[in-house]
Each structure stands twice: as structure tokens, then as C-alpha cells.
Amino acid sequence: MSRSFWSRERAFAEPTVALAAVLALSLGVAAYTVVLGGVDEREPTAEPTLERVHDAISVGGVADPGRLDRVRSVIAGTDGNASVTLTVAGRHWRAGDAVPKSSAPASTRATATHRVGVALAPGRVRPGRLRVTVWQ
């Protein structure tokens, strides 16, 4: 006794169950949209800029202070202003704009830091810190 592929014994969803599933999915998408609508896209985030700066000044994962001139092109790709500081063994290198005074609202400024190896001389690498501050 053979059975047809389109037999009546196959399970079908009831129309009310299918409508309830579509309604639940629609409500989920609507709630997701409301949550995303509450996110202010104008607030700066420093992490993406930090990653791009690290990629621009690093060779083989080691930051080279001599490559800080490349930071200007990275900063130009952001929507706001940015300041980059590379610190190691009491030495500092800076690139970008000056960070505004503390009178500016803190919500318009974001900072991210990352520990990096810094090449001080050929074959001489010391631990340091790369810091990026972005603001509107």
C-alpha cells in the first residue's frame, strides 16, 4: 500500500495557531524596533576608533610611535573629533585634537584604552597603553 506525498495524514497548522505565531513574531519585531529607537546614535563610542587606530599604527601587533601620523586619516573617518595618546615608560605621544575641558558634558565624550606592545627601538618592545577619546 503506497502513500502519496501529499496525503491528508500530514500535519498542518491550524489557522488560529498560524495567526497567533505571526502575531507573536510581529510583536517581537515591534518591541525590538522600540528598543533600538531608544538608542541615541549621536553618542560617541570610542572602541571602533580605537581598533582602527591600533590597526593603523601597529606592525605585527606592536605599536610604532613613528606611525602616529597615520592617525589623522582614521580620525577623519569618524563623525566627531578624536584624540589619541600612546604612553610607555613615562613617554607620551599624542595625535589628533585636544580633548575639551571638563565643562563639556560627559555624555558627549567617550574613552577607550588598550594595552599594547610599543616598539621603542629595533628589537626593544615595552608594554604601553593606547588611549582614544572621541567627542561630538
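Residues numbered from 1 in each chain as written. Predicted model: local features only at pLDDT ≥ 70, side-chain atom pairs only at ≥ 80, totals over all residues. Heavy atoms only, no water.

**Some points on the nonpolar core**
The biggest cluster of nonpolar side chains holds 23 residues, and the ones touching the most others in it are Val53, Val71, Val84, Val118 and Leu130. At five residues, the largest contribution of residues to this core is made by strand 5 (residues 109-121). Residue contacts for Val71: discarding those within four places in its chain leaves Val53, Ile57, Val84 and Ala95. (Core = buried A, V, L, I, M, F, W, Y, C linked by side-chain atoms within 4.5 Å. Buried < 20%, exposed > 50% of the residue type's maximum accessible area, 1.4 Å probe, protein only. Helix = DSSP H or I, 4+ residues; strand = E, 2+ residues; numbered from the N terminus. Contact = heavy atoms within 4.5 Å.)

**Here we look at the pairing of strand 3 (residues 81-88)**
Looking along a regular strand, one sees side chains alternate from face to face of the sheet. With six of its eight residues buried, strand 3 lies for the most part within the structure. Two elements, strand 3 and strand 6 (residues 124-135), share seven bridges in a ladder whose sense is antiparallel. Of the residues in strand 6, the one forming a bridge with Ala82 is Val134. Sheet topology places strand 3 next to strand 4 (residues 91-96); six bridges connect them, and they run antiparallel. When the sheet's bridge partners are listed, Ser83 is paired in strand 4 with Gly96. Following strand 3, the chain reverses through two residues before pairing antiparallel with strand 4; Ala89 in that reversal takes a positive phi of roughly 45°. (Pairing = 2+ DSSP bridges.)

**Considering the side chain of Thr49**
Structurally, Thr49 is set in helix 2 (residues 47-57). Not counting residues up to four positions away in its chain, the partners in contact with Thr49 are Val74, Thr78, Val132 and Val134.

**Comments concerning the pairing of strand 5**
Sheet topology places strand 2 (residues 62-63) next to strand 5; two bridges connect them, and they run parallel. In the sheet register, Ala63 faces strand 5, and the bridge partner there is Val118. Where strand 5 lies against strand 6, 12 bridges are found, and the strand directions are antiparallel. Pairing of Ala119 across the sheet is with Val125, part of strand 6. Hairpin connection from strand 5 to strand 6: two residues lie between these consecutive antiparallel strands, with Gly123 at a positive phi of about 80°.

**What to know about helix 2**
Of all the residues in helix 2, the buried ones are Thr49, Leu50, Val53, His54, Ala56 and Ile57. Taken end-on, helix 2 shows its buried residues confined to a sector of 160°, consistent with a single buried face. Turned more than 90 degrees from where helix 2 packs its buried face, Glu51 and Asp55 sit exposed. Against the buried residues of helix 2 lie strand 1 (58-59), strand 2, helix 3 (71-76), strand 3, strand 5 and strand 6. (Arc of directions from axis to C-beta.)

Remember that the coordinates give geometry; whether it matters functionally is a separate question.
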